[in-house]
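# A closer look at the structure
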Amino acid sequence: MASKIQSNLSIILILVIIFILAVLSFTVNNFASINNLQNILVQVAPIGIMTFGITFVMISGGIDISLPAIMATSSVISASFIAKTNNILLGSIMFLLVGGFLGLINGTAVAYLKMVPLVVTLSMMTVCMGIATAWTDGQSVGGLPEDFSLIFSGTTVIIAFIGIAILFGIFLKNSEYGRWLFYIGNNENTAIASGLPVKRAVCFTYVIAGFCAGMAGIINTAVLSSARASMGADSQILDIVTAAVIGGVSVKGGSGSILGAFLGAILIIIINNVLNLLGVSDYYTGLIKGLIIILAMGIDAARTRLFHFES
Amino acid sequence: MENGLTLEIHNLKKSFPGVQALKDVSISARDGEILGLIGVNGAGKSTLMNILGGVVIPDSGEILINGEIKRIKDPATAEKLGVAFIQQEIQLFENLTVQENIFIANLKKWRAFKNFPFLNLKSMAGEANNLLALLGCDIDVHSMVSDLAVGEQQMVQIARALSQGGKILLFDEPTSSLTLKEKQNLFKLIGKLKGSNVIIFYISHHLDEIFEICDRVVVLRDGGVAGEGRVEDISKDEIIRFMLGHEIEQSIEYRKQPHQKKVLEVRNLCGERYPKDVSFSLAKGEVLGIWGLLGSGRTELVRTILGLDKKKSGEVLFGENGELQSINPQNLYKHIGYLTEGRHFDGLFLNMPIWQNITSVFLKKFVTNKFKLLNEREEKQAAKHSISQVNVSAVSENMLVRKLSGGNQQKIAISKWFIKKPKILFLDEPTKGVDVGAKAEIQNLIFKMASEGVSFIIISSEIEEIMGLSDRIIVIHQGELVNELGTMQISKENLMKSVIGRN
Amino acid sequence: MIKSKKRFDYFSLSNYFFFAALILFFSLANDTFFTSTNIFSTLQNGAPIILITCGVTFALLAGIMDLSVAAVGYASGCLCGILIKNYDVSIPLAFLGGIGLALLIGCINSLLIVKFKLNMMLTTLGMMLVIRSIGKIITQDRTILMGSGISEIRQAKIGFLGDFPAVLVVVVLVLIISQIVLKYTSFGRHLMAVGSNEKAAKNIGIYPDRIKAIALITCSGISGIAGVVWVITLGSVVTRGLNSYEFIAIASAVLGGTSLFGGRGSFIPGSFIGSIILLFIANGLTIIGVSPYVIPFFRGAIIFIAMYADSLKTRAHRKLATAF
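Since the structure is predicted, the reported quantities are computational estimates derived from the model, not experimental observations.

### Digging into the overall build of chain B
Along the backbone of chain B there are 17 helices and 20 strands. Here the C-alpha radius of gyration of chain B, 25 Å, is about what a compact globule of 503 residues would show, namely 23 Å. Summarising its shape, the C-alpha atoms of chain B cover approximately 80 × 55 × 45 Å along the three principal directions. Residue pairs at least 24 apart in sequence account for 68% of intrachain contacts in chain B once pairs closer than 6 positions are excluded.

In structure tokens form, the structure reads like this:
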């Protein structure tokens, strides 16, 4: 039973995270301080929210590697707007609108033009980086009003992150739309024959992902008090996908959960932090991250094969 | 003592889950013989060919080639033994040339020099041309297979079979997509191949073809050999009788009230390939059977009506109370249910539990919460109810569909539409791969619902089933509606005659 | 013998037209475009990408998308550079060392993707990370300036061909050999068969796994050659070498008619034309003074159209949302 496996997985993840945190609190000074834990959660938030977005996409069988790039683009555009007009409300909405719009383009190409998701989101990623770089001329966008960072401060971010996680979780598991995604990812042909609005549903997953990228943009911009084209570093997308897969998403589609994504993101960031603390240089970080993804793929393949052997 | 190729099939048995495809088949074939194989759908022809071709392994029985027992465990072995299975589905590689396709399995043979890996295309072309000339075929060996017409592609398939030293050739419904001229070429070719240390099996529904080119004909029925004989000694009627069995023709009871209100009307429907200008109507509470050979376009007809395949022209009208209005597929879908032909392919969500499968077609019903959330408890209740309705017992609604037996899977695939209370149910092969008990249950279910006013459109390849269920039957052949049988006209003979002996 | 009517391949015809139009446009727009200096230097600087495209085409023909190709080139180049600079290895030996590393990586890729059947996209993405890191570790992330030996090779020209850069001979050779292998050896034909219809190939007695493995190893091997060429043409090993080249390479292949779904494509003209189209667009736009920021847009737009055309062409029943 998929849901049972999913819940078991989540429990394992929670235990692993607690274990690592426990070890760290003993070995590193001040690790278990509220401040530090808060910091970690704030770090997790943008990656975590984008992981939520990619979870929606991947459950229905797709992939979206443009999320960090969409995040950067919506950030630089909206940040410039806020810097110029001082309108924080409108500016914040702009993050979401730009993200959602770019996501809509992705979704339309995949669902209605029947193009391959990897290719579409890859092109989007390239185009977004181009837009972001051109918009900012390579500089960072500053001059944001202080209020912006104050409103989206650490505590707000954490509360929002958890709140979004809960909302998305309920949406995915208990709404008609969420269930549709599982059907589509499980067997797209059956979903079509059952009369489900497959094209619309798939397109919308990319819009959701785009929104999530926008939200992540708000957080990142507020924390740094600036936005730059290089915000969406290459490594982020790998973090996001790995987090989703660790959390129970299968690349083939049909499985995944928000709780799993949440825990997966936390685990990834903690691993990042550990590597940092251990003074592991950048190159080895890349190596380890790459190995983690391959390992995650191996686990996914083993999971799928285990599933199919029980017949 | 004849010194030639012999093939003996002794007591082959094969069963699949829920179905005994071959009960006990024994056939012998002599050198130079063209053996026709005929039988209704499900009689066992395909299974027999698949066994010879190494695609399927028999449960028991033996195959002897030239007196030696051979175990044909996979297609590659079959080829080594000289069996060439020329399937209905083209097995060529589109982006390779004709000669490359012909010799693809054994390309190393064509190296220019012993250890030099480059192919000698010129000598390949020479041999390819020889083969094609043997077949009376004129194709440019350097052209891409994707550029050829279907008939020409089939010639290439045959050439490939011959190049691999095919001695036992299995032709599976070879003429189904050929033009008249291509058919004649094929017959000429088969005539040429005859008598040259070759045994040919020729499967077809077309009695005329069998009489034209075969020496002997074997009739399969229900997984066994129902009769056989030399073509000059046997008559068409005898063959039909062998195919249908000696049961006395039962008169159909006039069991339903005359249908008045039309529920569905299809006008001049044309799809991309099939259907071709099909028109018919369906009344409330009526069971309409769609009859025809495999590949005749029945499934395409249904899929085009439902908008799953592209429609080129034509209209579909629907009305709950006799007032028909033109309707688009998305709206039509709200009122109908559709059981697809391949439940594993697009009929079920195999890795999901039963209850999620059942509620998938009508999730809206379970969004009763004020927050618009799904009520899982109600879903599971409804699923439990459906399960009991179709007599799938001793399973929990939480069980993964993958773990159910074939018959139970089929019942779930049908019953999931019931919660939608559809006005029309489209069923494509509703009892395929289902055991006898479940078959009867499904058929009774159909009767019950029809008497409650649900209309049915049923595609079936089993003659007894379609006769037993339908009030009316339309016959589809090559995408066109070629015959319509009203209640009084439904009989095995009429049905068989509608599809065999056709050109 | 009747010549059967060939369905007109609009796609590759339009490719040629497009290329010709491109050359025409830029030649007219600026005098320096259509000079042997410019063309040769663009080709020489673009040699790595042409080679990587060639490599990735092998994988694509077999139906595999290998995203680690550029990273393989990078790592090979790094190893080669370090061997020459720090270990005083002779230049030819260092080249072999780099290519050897590439082949090794190809074997690992085969193991993961063909034998263990891991998801090819994300696994090669992961390998890309790992291999890039290995490259950085080898060079300690420092730029390595190659000495005179390398610059001599870079500057070598073939006089009677109008100062044709010697390095390009490698590119030409690799492309020609690849095309010959594809069209005239049984491996090449089996490769197309496997990419086209793996199931039918298996039924005929061709071993798809073997073919795919060889294709992957060849792909990495050629990427290794690309890395070596990169070191030569750049004259040094830099950290962000060949960054994102894997995507440009795949796009070039598709532009040249290679299908993402396997079984269709060629090296010459296909991938060659595809890669030089993108090269000369970037070159031409720069020459006529277009801002460097805009170039990715043009590239992106063309790639998008090419990918769309590819998806239209593929008649296979693909699912909508298959991530691939």
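That shown, we press on.
### Some remarks on the overall build of chain A
Within chain A, the regular secondary structure consists of 13 helices and zero strands. Ordering the α and β elements of chain A from the N terminus gives α-α-α-α-α-α-α-α-α-α-α-α-α. A compact globule built from 311 residues would reach a C-alpha radius of gyration of about 19 Å, and chain A, at 19 Å, matches this within 12%. Considered along the principal axes of its C-alpha atoms, chain A spans approximately 60 × 50 × 35 Å.

### Describing the sheet that holds strand β20 (residues 480-485) of chain B
Residue and element names in this part refer to chain B. Within the open sheet, the six strands sit side by side as β16-β17-β18-β13-β19-β20. Their pairing is mixed. Edge strands, defined here as strands with exactly one partner in the open sheet, are β16 (336-339) and β20. The average angle at which neighbouring strand axes cross in this sheet is 15°, direction not considered. Two elements, β16 and strand β17 (residues 424-428), share four bridges in a ladder whose sense is parallel.

### A short note on the interface of chain C and chain A
Taken together, the contact between chain C and chain A spans 36 residues of the former and 44 residues of the latter. Those elements that provide at least two residues to the side of chain C that touches chain A are α6 (120-139) and α14 (295-313) of chain C. Among the residues forming the side of chain C that touches chain A, the class breakdown is 24 nonpolar, seven polar and five charged.

### Some details on unusual backbone geometry
At the junction of Tyr-274 of chain B and Pro-275 of chain B, the peptide bond is cis and its omega measures out at 0° in the coordinates. Mapped onto the elements, Pro-275 of chain B comes out in the loop between β11 (262-271) and β12 (278-283). Looking along the chain, the bond that leaves Ile-268 of chain C and enters Pro-269 of chain C is cis, with omega of 0°. Along the chain, Pro-269 of chain C falls in helix α13 (residues 267-287). Its identity is not glycine, yet Asn-86 of chain A carries a phi of approximately 60°, on the positive side. Mapped onto the elements of the fold, Asn-86 of chain A is located in the loop between α3 (67-85) and α4 (88-111).

### Some points on the interface of chain B and chain A
The interface of chain B with chain A comprises 24 residues on the first partner and 19 residues on the second. The biggest single contributor to the side of chain B that touches chain A is helix α11 (residues 343-347) of chain B, with three residues. Along the lines of polarity and charge, the residues of the side of chain B that touches chain A split into 14 nonpolar, five polar and five charged.

### Re the pairing of strand β14 (residues 311-318) of chain B
Residue and element names in this part refer to chain B. Both β11 and β14 contribute to a ladder of six bridges, which runs antiparallel. Bridge pairing in β14 links Glu-265 to Leu-317. Pairing between β14 and strand β15 (residues 325-326): two bridges, direction antiparallel. Within the sheet, the bridge partner assigned to Leu-317 lies in β15 and is Ser-326. Counting the residues in the hairpin turn of β14 and β15 gives six residues, including Gly-322, whose phi is positive at 90°.

### Some points on the packing of α3 of chain A against helix α5 (residues 117-136) of chain A
Residues and elements named next belong to chain A. At a minimum axis distance of 8 Å, the contact between α3 and α5 shows a crossing angle of 25°. The orientation of α3 with respect to α5, classified from their angle, is roughly parallel. You can see that α3 and α5 cross each other, and the crossing is left-handed. On α5, the residues that touch Ala-69, Ile-70, Ala-72, Thr-73, Val-76 and Ile-77 of α3 are Met-124, Met-125, Cys-128, Met-129, Ile-131, Ala-132, Trp-135 and Thr-136. Taken together, the residues that form the contact of α3 with α5 break down as 12 nonpolar, two polar and no charged.

### Overview of the domain arrangement of chain B
Residues and elements named next belong to chain B. In terms of domain boundaries, chain B breaks down into domain 1 (16-244) and domain 2 (262-499). Here domain 1 and domain 2 have C-alpha centroids that lie 35 Å from each other. Across the contact, 12 residues belong to domain 1 and 15 residues belong to domain 2. Considering each element in turn, the side of domain 1 that touches domain 2 owes the most residues, three residues, to helix α8 (residues 236-244). The class makeup of the residues in the side of domain 1 that touches domain 2 is seven nonpolar, five polar and no charged.

### Considerations on the nonpolar core
One finds Cys-128 of chain A, Leu-170 and Tyr-202 of chain B together with Leu-51 of chain C to be the most contacted residues of the largest nonpolar core, which totals 353 residues. Here the element with the most residues in this core is helix α10 (residues 198-224) of chain A; it accounts for 17 residues. When sequence neighbours within four positions are dropped, the list of residues in contact with Tyr-202 of chain B reads Ile-34, Leu-35, Gly-36, Leu-37, Phe-171, Ile-210, Ile-213 and Cys-214 of chain B.

### Thoughts on the domain arrangement of chain A
Residue and element names in this part refer to chain A. Each assigned domain of chain A is listed here: domain 1 (46-231) and domain 2 (233-248 + 260-311). The straight-line distance from the C-alpha centre of domain 1 to that of domain 2 is 21 Å. On the side of domain 2, 14 residues touch domain 1, which itself brings 13 residues to the contact. Those elements that provide at least two residues to the side of domain 1 that touches domain 2 are α2 (34-59) and α3.

### Brief notes about the environment of Ser-388 of chain B
Residues and elements named next belong to chain B. Within the element layout of this structure, Ser-388 appears in helix α13 (residues 376-389). Of the residues examined, Ser-388 has 11 C-beta atoms within 10 Å and is grouped as exposed. Spatially, the C-alpha atom of Ser-388 lies 9.9 Å from that of Ser-415, the residues being 27 residues apart in sequence.

### What to know about the packing of helix α3 (residues 47-61) of chain C against helix α8 (residues 167-184) of chain C
Between two packed helices, both the angle of their axes relative to each other and the distance between the axes serve to describe the pair. Residues and elements named next belong to chain C. Viewed as axis vectors pointing N to C, α3 and α8 meet at an angle of 15°, and their least axial separation amounts to 10 Å. For the element pair α3 / α8, the angle class is roughly parallel. Crossing geometry of α3 relative to α8 is assigned as left-handed. Contacts between α3 and α8 involve Ala-47, Ile-50, Leu-51 and Cys-54 on the former and, on the latter, Val-167, Leu-168, Val-171, Val-174, Leu-175 and Ser-178. A class-by-class count of the residues in the contact of α3 with α8 yields nine nonpolar, one polar and no charged.

### Considerations on helix α11 (residues 234-246) of chain A
Residue and element names in this part refer to chain A. Between its first and last C-alpha, α11 extends 19 Å over 13 residues, near the 18 Å set by a 1.5 Å rise per residue. When you tally the buried positions in α11, you get 10 out of 13 residues, the bulk of the element. For α11, every residue scored as buried is listed here: Ile-237, Leu-238, Asp-239, Ile-240, Val-241, Thr-242, Ala-243, Ala-244, Val-245 and Ile-246. A positive backbone phi angle near 115° is found at Gly-248, which sits one or two residues after α11.

### Focus on helix α8 (residues 176-186) of chain A
All names here are of chain A. With nine of 11 residues buried, α8 lies mostly within the body of the structure. Burial in α8 covers these residues: Gly-178, Arg-179, Trp-180, Leu-181, Phe-182, Tyr-183, Ile-184, Gly-185 and Asn-186. Those residues of α8 hidden inside the fold are in contact with α2, α7 (154-174), α9 (188-193) and α10.

### Things to note about the pairing of β11 of chain B
Side-chain positions along a regular strand alternate between the two faces of the sheet. All names here are of chain B. Bridge count for β11 against β12 is five bridges, and the pairing is antiparallel. Note on β12: the bridge partner recorded for Lys-262 is Ala-283. Adjacent in sequence and paired antiparallel, β11 and β12 are bridged by six residues, among which Asp-277 carries a positive phi angle near 55°.

### Re the environment of Leu-22 of chain B
All names here are of chain B. Turning to its location among the elements, Leu-22 is positioned in strand β2 (residues 19-29). On a C-alpha basis, the gap between Leu-22 and Leu-12 in space is 6.7 Å, while along the polypeptide they are 10 residues apart. For Leu-22, the residues in contact, after removing those within four places along its chain, are Leu-12, Lys-13, Lys-14, Gly-44, Thr-47, Leu-48 and Gly-223.

Reading the values: the criteria
- For every chain, the first residue of its written sequence is number 1, and the numbers climb from 1 along that sequence.
- Here the convention is simple: chains get letters from A, ligands get numbers from 1, in the order in which they are written.
- Two thresholds apply to this predicted model, a pLDDT of at least 70 for residue-level local features and 80 or more for giving and counting side-chain atom pairs, whereas whole-chain, interface and lining totals are computed over all residues.
- Strands here mean DSSP runs of E at least two residues long; helices mean DSSP runs of H or I at least four residues long; both are numbered from the N terminus.
- Between the two quantities, the radius of gyration covers C-alpha atoms and the globule rule is 2.2 Å times the number of residues to the power 0.38.
- Any pair of residues counts as being in contact when their C-beta atoms, constructed from backbone geometry, are within 7 Å of one another.
- Criterion used throughout: strands pair if DSSP finds at least two bridges between them.
- Between the N-to-C directions of two axes lies an angle of 0 to 180 degrees, each axis being a line fitted to C-alpha atoms and, for a helix, fitted only over the stretch in contact.
- Here the term charged refers only to Asp, Glu, Lys and Arg, the term nonpolar to Ala, Val, Leu, Ile, Met, Phe, Trp, Tyr, Cys and Pro, and the term polar to all other amino acids, Gly among them.
- Angles are sorted into four bins: roughly parallel if under 35 degrees, roughly antiparallel if over 145, roughly perpendicular if 65 to 115, and oblique for all others.
- Whether a crossing is left-handed or right-handed is set by the direction in which the near helix is turned from the far one by less than a right angle, anticlockwise for left-handed and clockwise for right-handed.
- An automatic or database domain assignment supplies the residue ranges for each domain.
- The term nonpolar core means buried Ala, Val, Leu, Ile, Met, Phe, Trp, Tyr and Cys residues held together as one set by C-beta atoms within 7 Å.
- Partly exposed residues are those whose C-beta has more than 12 but fewer than 20 other C-beta atoms within 10 Å; 20 or more makes a residue buried and 12 or fewer makes it exposed, with C-beta atoms placed from the backbone.
- To estimate how far a helix should reach, multiply one less than its number of residues by 1.5 Å.

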